Amino acid sequence: MASTVQIPLVGGTADGETITVELDDNGRPPLTHHHLGPEGLAEAQIYELESDDRAGRPWIYTWRGPAV
């Protein structure tokens, strides 16, 4: 069974939401997250993994823009 972690989304349409992702064999989450919009992939937003040592949490996903 894979380990999971909750990571907050910062910026964009999903700002303030938290997602649960699986960690890889090295204990790291995926480098990007595609947050689906109401129309699915047609309105997806891209979030990129960053470290967040200032707030005392290891990672955040920061908004980078629309997927399309």
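Just above, that's the structure.
How each quantity is defined
- Residues numbered from 1 in each chain as written.
- Predicted model: local features only at pLDDT ≥ 70, side-chain atom pairs only at ≥ 80, totals over all residues.
- Heavy atoms only, no water.
- Helix = DSSP H or I, 4+ residues; strand = E, 2+ residues; numbered from the N terminus.
- Rg over C-alpha atoms; globule rule 2.2 N^0.38 Å.
- Buried < 20%, exposed > 50% of the residue type's maximum accessible area, 1.4 Å probe, protein only.
- Lys, Arg positive; Asp, Glu negative; His and termini not counted.
- Charge placed at Lys NZ, Arg CZ, Asp CG, Glu CD.
- Pairing = 2+ DSSP bridges.
- Axes fitted to C-alpha atoms, helices over the stretch in contact; angles between N-to-C directions.

## Quick notes on the overall build of the chain
Helix and strand content of the chain: 0 helices and 5 strands. Of the regular secondary structure in the chain, the N- to C-terminal order runs β-β-β-β-β. Computed over the C-alpha atoms, the radius of gyration of the chain is 12 Å, within 12% of the 11 Å expected from 2.2 N^0.38 for a compact globule of 68 residues. Residues classed as buried in the chain amount to 31% of the 68 residues present. Across the chain, 4 positive and 11 negative side-chain charges occur, with their mean positions spaced 9 Å apart.

## What to know about the sheet that holds strand β5 (residues 57-66)
Within the open sheet, the 5 strands sit side by side as β2-β1-β5-β4-β3. Their pairing is mixed. Two strands bound the open sheet, and with one partner strand each, they are β2 (18-22) and β3 (32-37). Averaged over all pairs of adjacent strands, the angle between their axes in this sheet comes to 40°, without regard to strand direction.

## Regarding the environment of Tyr-61
Note that Tyr-61 resides in strand β5. With 12 residues separating them along the chain, Tyr-61 and Leu-49 place their C-alpha atoms 4.5 Å apart.

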